[in-house]
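Descriptive structure summary
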Amino acid sequence: MPDMSLDLLELLPASWRDVMKPHLDLEVVHRLETFVAAEYEAGPVYPPLPDLFTAFRLCSPEQARVLILGQDPYFKEGQAHGLSFSVRPGVSVPPSLRNVYKELRDDLGVTPPSNGDLTPWAADGVLLLNAVLTVRAGKAASHANQGWEHFTDAAIRALNAFERRVVFVLWGGYARKKAVLVTNPQHKVIEAGHPSPMNPAGFLGSRPFSKVNAALEEAGLPPVRWV
């Protein structure tokens, strides 16, 4: 049976491919494709391949006005579905997302959804991106440093090139390192600690949701409906 092959740029929605390609080294992308294809073939890898680019499919470059950057996907079966911090309805809400919901309630008085599915945020212009887009089952960060970071940095660079404001939300030390990619002064970077319960300070009380909406409204853009 032939080895599985992947064409990541072909899988990527065309609108994202157009804006990311100028920021991509195709040699790095080809090495990444070889690695990811072999990992999916060896399996199990999360998210399932059809969900790999959910974030890009649900939020086009034209829609994107906020980026929330995660590190890598959830590594337990049934959790990751291609949106950072999100899980499908019916899946137990992970601890980090519970803290995000707690902050949402404290910040804006919004009653959090009964499930962990953040699809409505994505559909409202929030790009829920992980820096690394795949993970081997049960092994956090197992696909780090294989080329995904270069690929998702290209998405950040593409957003940075936009003339209109984009708000970049960076939670935790790993995400905050990406602030250097945001060089255009019309954009806004909002940083805080990671929402993980293992991080005892730095996230709760940071009021990111009201800050995002204030930054959007300041630029004449509609606020996000955080529901």
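The chain is annotated in an unreviewed UniProt entry as Uracil-DNA glycosylase of Dactylosporangium fulvum. UniProt lists a comment for the chain under the heading Catalytic activity (unreviewed entry), and it reads "Hydrolyzes single-stranded DNA or mismatched double-stranded DNA and polynucleotides, releasing free uracil." The chain has a UniProt comment under Subcellular location (unreviewed entry) that states "Cytoplasm".

Here we come to the overall build of the chain. What the chain contains, in helices and strands, is nine helices and six strands. On C-alpha atoms alone, the chain measures out to a radius of gyration of 17 Å, which is about the 17 Å that the 2.2 N^0.38 rule sets for 227 residues. Projecting the C-alpha coordinates of the chain onto the three principal axes gives extents of approximately 55 × 40 × 25 Å. Every one of the 227 residues in the chain was classed for burial, and the buried ones make up 53%. Considering only contacts within the chain whose residues lie at least 6 apart along the sequence, 68% involve residues at least 24 apart. Entry remark: accessible area of the chain is about 10300 Å², with carbon and sulfur atoms responsible for 54%. Put simply, the chain has 22 plus and 24 minus side-chain charges, and the middle of one group is 7 Å from the middle of the other.

Before going further, it helps to examine the packing of helix α3 (residues 26-42) against helix α7 (residues 148-160). For the pair α3 and α7, the least separation of the axes is 9 Å and the interaxial angle reads 125°. Judged by the inter-axis angle, α3 sits oblique to α7. The way α3 lies across α7 gives a crossing that is left-handed. On the side of α3, the interface is formed by Val28, Val29, Leu32 and Val36, while α7 contributes Trp148, His150 and Phe151.

Turning our attention to the pattern of salt bridges. By the definition in use, this model includes nine salt bridges. For Arg65, the salt bridge is made with Asp124, and the minimal N-O distance between the two is 3.7 Å. Residue Arg65 is located in the loop between α4 (54-58) and β2 (66-70), and its partner Asp124 is located in the loop between α6 (119-123) and β3 (126-130); the two are separated by 59 residues in the primary sequence. A relative accessible area of 8% places Asp124 in the buried class. Linked through salt bridges whose partners overlap, the residues forming this network are Arg65, Asp124 and Arg225.

On the basis of which strands lie adjacent, the open sheet formed by four strands has the order β3-β2-β5-β6 and parallel pairing. Looking at the sheet topology across the chains shown, the edges are occupied by β3 and β6 (188-192). Each strand axis lies, on average, 20° off the axis of its neighbour in the sheet, ignoring direction. Relative to strand β5 (residues 167-171), helix α9 (residues 208-218) is tilted by about 160°, and along the sheet it contacts β2, β5 and β6.

Conventions used here
- Residues numbered from 1 in each chain as written.
- Predicted model: local features only at pLDDT ≥ 70, side-chain atom pairs only at ≥ 80, totals over all residues.
- Heavy atoms only, no water.
- UniProt positions renumbered as here; feature names shortened; annotations may be inferred.
- Helix = DSSP H or I, 4+ residues; strand = E, 2+ residues; numbered from the N terminus.
- Rg over C-alpha atoms; globule rule 2.2 N^0.38 Å.
- Buried < 20%, exposed > 50% of the residue type's maximum accessible area, 1.4 Å probe, protein only.
- Contact = heavy atoms within 4.5 Å.
- Areas by Shrake-Rupley, 256 points an atom, 1.4 Å probe, with all protein chains shown as cover.
- Lys, Arg positive; Asp, Glu negative; His and termini not counted.
- Charge placed at Lys NZ, Arg CZ, Asp CG, Glu CD.
- Axes fitted to C-alpha atoms, helices over the stretch in contact; angles between N-to-C directions.
- Parallel < 35°, antiparallel > 145°, perpendicular 65-115°, else oblique.
- Left-handed = near helix turned anticlockwise from the far one by under 90°.
- Salt bridge = Lys/Arg side-chain N within 4 Å of Asp/Glu carboxyl O.
- Pairing = 2+ DSSP bridges.

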